[in-house]
Each structure stands twice: as structure tokens, then as C-alpha cells.
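# Notes for the structure review
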Amino acid sequence: MFRRSSPWQEKESEVTPQSVYVNRRQIMAGAGALFGLTALGGIAASARETRTLAPLKAMKSDFDPGEELTPEGAVTSYNNYYEFGTNKDDPAAEAWRMKVTPWTVKVDGMTDKPGNYALEDIVDYNALEERIYRLRCVEAWSMVIPWLGVPLAPLIRKLAPQSGAKFVRFETLADRSQMPGIRWPVIDWPYVEGLRMDEALNPLAFLAVGFYGKELPNQNGAPVRLVVPWKYGFKSIKSIVRISFTDDMPRTAWMKSAPSEYGFYSNVNPEVDHPRWSQARERRIGEFGRRETLMFNGYGEWVADLYRGMDLQKNY
Ligand SMILES: Nc1nc2c(c(=O)[nH]1)N[C@H]1C(S)=C(S)[C@@H](COP(=O)(O)O)O[C@H]1N2
Ligand SMILES: [Mo]
């Protein structure tokens, strides 16, 4: 089913449980830091290697919660990107290996404009906008991030979904040769997410290609990822390679792996607890203490109408 991994990946993780090799790497990095050894520096540095991120120009927009931005260093080092491992520091250590240019997005399903689109054909880099959004992870931590990208709605219209299309399905790259986490069956790869058509057309739904004034680093979903600020962070799918239009509610990766814990909607809701923890409060990365979690992550003014009459306890 999956492509064989390349030789560099066969080394330790193939034969060693993840917790063991992760610890080993942390010990190595720690030793390097402690003794300042240049010999070990190669190991520590390779875990931090990155490509050069081009600066991006963008219009300021009105979307700004007026809260302090999360330090860029935290946003690029504390990540969920399970294709590169399940620890928060795995993506920063591993994702730099992923090749993100050229990048093609396949568009298929119920559309009059199917095809393989170059990233530059679906994102106009001369019309980028900045959106400062809260990001609320289902794990009860949050950040404030200045994304750069384009609103999703005009792209959806350009891709000409047919009238029967009720949902948009998104898929992440799943290349075992570039993504060491794919060897672990934590998710039924590829990572899949979806939105109802009216959610996808909501002005807040955003496709990001950058943040903090430059291109996205790989660990944050380069070269193009979704940002849906009123939903838990896992809806904001990274490194998108496929957009499909369908009349069927997409079965998302998290619905498949734990249907009683993760539903299709996954709207931020302080009144609907996760079966294993409360969602009433959150830890804002970089702050002490906890904040109250806001209904729809504070975006009710724009999105509450999408869910009028729906039981949000049932449709979690
Ligand atoms: N393909 C893919 N997309 C993903 C994830 C993932 O593991 N794989 N994690 C999600 C989760 S749980 C969160 S909270 C956000 C985190 O985005 P960030 O690392 O840019 O802060 O990405 C989401 N998108
Ligand atoms: Mo998350």
C-alpha cells in the first residue's frame, strides 16, 4: 500500500520503538548543548536544519483579535504534524526534509474544473492577505498566529464545484520516503479533513502559504495549509495535495481513528468536553495560567449562523 521508505529512514526508527529513538536524539542534543561539542553539533544541527524561507508581501486585513502574537519560535517548534512523529518537537526536527517545490494539488470529484494544479495557479502570491487568528488545539492549548495567504471562498468558486457538491475534502501528502511518522499506524494515512460547502465558503476559512512575513516552514504545513480558526486545530490540515468535491460527508482521519472523540464539525466549544478532558479553558502558549475558551474560538459573529438549529452536543 505505502511506498517503501528510503534507506536513510531504515536506520534506527525501523528497529527501535519511537520513544527510545526520540529520547536518544534528545539526549544527543542535550549533550551537545551542555558541552558545546562541535562533533555532536552535526547531529543537533541536522535536527534543526531548514530551507530558506522567502519573505512574502501581504495586505493587512481587519482580522486581528488584538491579542499578543505567540512568539514565532514557539509556533515553529511546538507542533502537531503526525506524519513526522507524534511528539511536539518531531515536526521541527524531521519535516525540513520534505520537498515542497514544485507542488501540485489535484482537484477532483464533483467539479467542472478537475485537474492537477500548480500551487501558483491556486494561490495568487501577488494578492496575499494577512490574517491574525487564534488557533485552539483540541488538546487545550492555543496560539495567536499572523497567517499569510488567501481566503478559501474565491478559490472554491474558481474550481467550479457542481451543484450537487455539498462538502470539500482535503488530503495531505502521505509519502513514507519523506515522512518518518507514516510508519506508525496512528492515523489511516493520508490525513484527511473536510468542510461543509457553506463552511468552506465562509469568509474566515483561509489557505495559508506563510506566516510572520515569510513562507511557512515545513513543520507548519508548507507549502499550503488550511486555517479554520473557529474549529479545533486538527481541522486545519497541512501540506494539501488534493481537494475533492463530494456529496458525501468526508470521513476524516480523526473521525476514523476515534469516532467517539472527534466528530466532523469539531467547532471550538467550551461547553462540550472532550470525553477525556474539559474544553472550558486553555493554555495560551507563552502565558502563565489559563484562559477561558471562547465559543467558536471567539468567531461566533461570523460563523454562528452556520449552525443555527443544530444540536452542537450531538454534532461535535
Ligand atoms: N496533515 C496534518 N495536518 C495537521 C495535523 C497533522 O498531524 N497532520 N495536526 C493538526 C493539529 S492537531 C493542529 S493543532 C494543527 C497545528 O498546526 P501548527 O503546528 O502549525 O501550529 O495542525 C493540524 N493539521
Ligand atoms: Mo490540535
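Residues numbered from 1 in each chain as written. Chains lettered and ligands numbered in written order. Predicted model: local features only at pLDDT ≥ 70, side-chain atom pairs only at ≥ 80, totals over all residues. Heavy atoms only, no water.

### Some details on the overall build of the protein
The condition that has to hold: In this description a helix means any DSSP run of H or I spanning at least four residues, a strand means any run of E spanning at least two, and both kinds are numbered starting from the N terminus. Three exposure classes are used, based on accessible area relative to the maximum for each residue type with a 1.4 Å probe and protein chains only: buried under 20%, partly exposed in between, and exposed over 50%. Residue contacts are counted whenever heavy atoms from the two residues lie within 4.5 Å of one another. Using the Shrake-Rupley algorithm and a 1.4 Å probe, accessible areas are obtained, with residue cover drawn only from the displayed protein chains.
Helices and strands together make up the secondary structure of the protein, namely eleven helices and twelve strands. Classification of the 316 residues of the protein by burial places 53% in the buried group. Here the contacts in the protein between residues at least 6 apart in sequence split such that 72% fall between residues at least 24 apart. Approximately 14700 Å² of the protein is accessible, and the part contributed by carbon and sulfur atoms is 55%.

### Let's talk about the sheet that holds strand S10 (residues 240-246)
Sheet strands pair via backbone hydrogen bonds, and the direction of the pair is either parallel or antiparallel. The line we're drawing: Only strands that DSSP links by at least two bridges are regarded as paired with each other. Where helices are involved, their axes are fitted lines through C-alpha atoms of the stretch in contact, as for all axes, and angles between N-to-C directions lie from 0 to 180°.
Read across the sheet, five strands follow the order S2-S1-S10-S5-S6 without closing on themselves; strand pairing throughout is mixed. In this open sheet, the two strands that pair with only one neighbour each are strand S2 (115-118) and strand S6 (192-196). Averaged over all pairs of adjacent strands, the angle between their axes in this sheet comes to 20 degrees, without regard to strand direction. Pairing analysis gives four bridges linking strand S1 (residues 104-109) to S2, with the strands arranged antiparallel. Of the residues in S2, the one forming a bridge with Thr 104 is Ala 118.

### Brief notes about the side chain of Ser 61
Heads up, the rule is: In protein, a polar contact requires one atom able to donate a hydrogen and another able to accept it; more generally it is a pair of N or O atoms within 3.5 Å, and residues adjacent in sequence count only if both atoms are side-chain atoms.
One can find Ser 61 in the loop between helix H4 (38-46) and helix H5 (72-75). Of note is the side chain of Ser 61, whose polar atom sits 3.1 Å from the backbone nitrogen of Phe 63. A polar contact is formed between the side chain of Ser 61 and the backbone oxygen of Glu 130, at a distance of 2.6 Å. For Ser 61, the contacting residues outside a window of four places in its chain are Glu 129, Glu 130 and Arg 131.

### Describing the UniProt feature "binding site: Mo-molybdopterin" (unreviewed entry) in the protein
Inclusion rule: UniProt positions are given in the numbering used here, feature names are shortened, and annotations may be inferred rather than shown by experiment.
In the numbering adopted here, UniProt assigns the feature "binding site: Mo-molybdopterin" (unreviewed entry) to Asn 79, Tyr 82, Glu 83, Cys 137, Thr 172, Asn 220, Arg 225, Ser 236, Ile 237 and Lys 238. In this fold, Arg 225 is placed in strand S9 (residues 225-227). Under the relative-accessibility criterion, Arg 225 is labelled buried at 5%. Apart from residues no more than four positions distant in its own chain, Arg 225 is found in contact with Trp 147, Phe 206, Leu 207, Ala 208, Leu 216, Asn 220, Ser 236, Ile 237, Lys 238, Ser 239 and Ile 240. From its side chain, Arg 225 meets the backbone oxygen of Asn 220 in a polar contact 2.7 Å long. Assignment of secondary structure puts Ser 236 in the loop between S9 and S10. Beyond its immediate sequence surroundings of up to four residues, Ser 236 is in contact with Arg 225, Leu 226, Val 227 and Val 228.

### Overview of the pattern of salt bridges
Rules: Take a side-chain nitrogen of Lys or Arg and a carboxyl oxygen of Asp or Glu: if they are within 4 Å of each other, that pair is a salt bridge.
Inspection of the entire model under this criterion finds 23 salt bridges. Its salt-bridge partner being Arg 136, residue Glu 282 comes within 3.0 Å of it at the nearest N-O pair. A residue pair is termed long-range when its members are at least 10 positions apart, and Glu 282 in strand S11 (residues 281-284) and Arg 136 in strand S3 (residues 129-136) qualify at 146 residues. Comparing Glu 282 with Arg 136 shows no difference in burial state: the two are buried.

### Details of the site of ligand 1
Which entries qualify depends on this criterion: Near residues are defined by distance, with any heavy atom within 4 Å of the molecule or strand qualifying the residue.
Close to ligand 1 lie 17 residues, the nearest being Asn 79, Tyr 82, Glu 83, Thr 172 and Lys 238. Tyr 82 is positioned such that a nitrogen or oxygen atom in its backbone is 2.8 Å from an oxygen atom of ligand 1. Residue Ser 236 places a main-chain N or O atom 2.9 Å away from a nitrogen atom belonging to ligand 1. Burial of ligand 1 by the protein amounts to 98% of the accessible area it has alone, namely 530 Å².

### Here's the deal with the packing of aromatic side chains
We count it as follows: Under the pairing criterion, centres of Phe, Tyr and Trp rings, with the six-membered ring standing for Trp, must be within 6.5 Å; the plane angle then separates stacked pairs below 30 degrees from edge-to-face pairs above 60, leaving the rest tilted.
Tallied over the full model, the rule gives 17 aromatic pairs. Ring geometry for Tyr 82 and Trp 254: centres 5.6 Å apart, planes at 75 degrees, overall edge-to-face. One end of the pair, Tyr 82, is in the loop between H5 and helix H6 (90-94); the other, Trp 254, is in helix H10 (residues 253-257), with 172 residues separating them in the sequence. Each member of the pair, Tyr 82 together with Trp 254, is buried. Between Phe 167 and Phe 264 the ring centres are 5.6 Å apart and the planes differ by 90 degrees, which places this aromatic pair in the edge-to-face class. Of this pair, Phe 167 sits in strand S5 (residues 167-172) while Phe 264 sits in the loop between H10 and S11, and the two are 97 residues apart along the sequence. For the residue pair Phe 167 and Phe 264, the accessibility class agrees, reading buried in each case.

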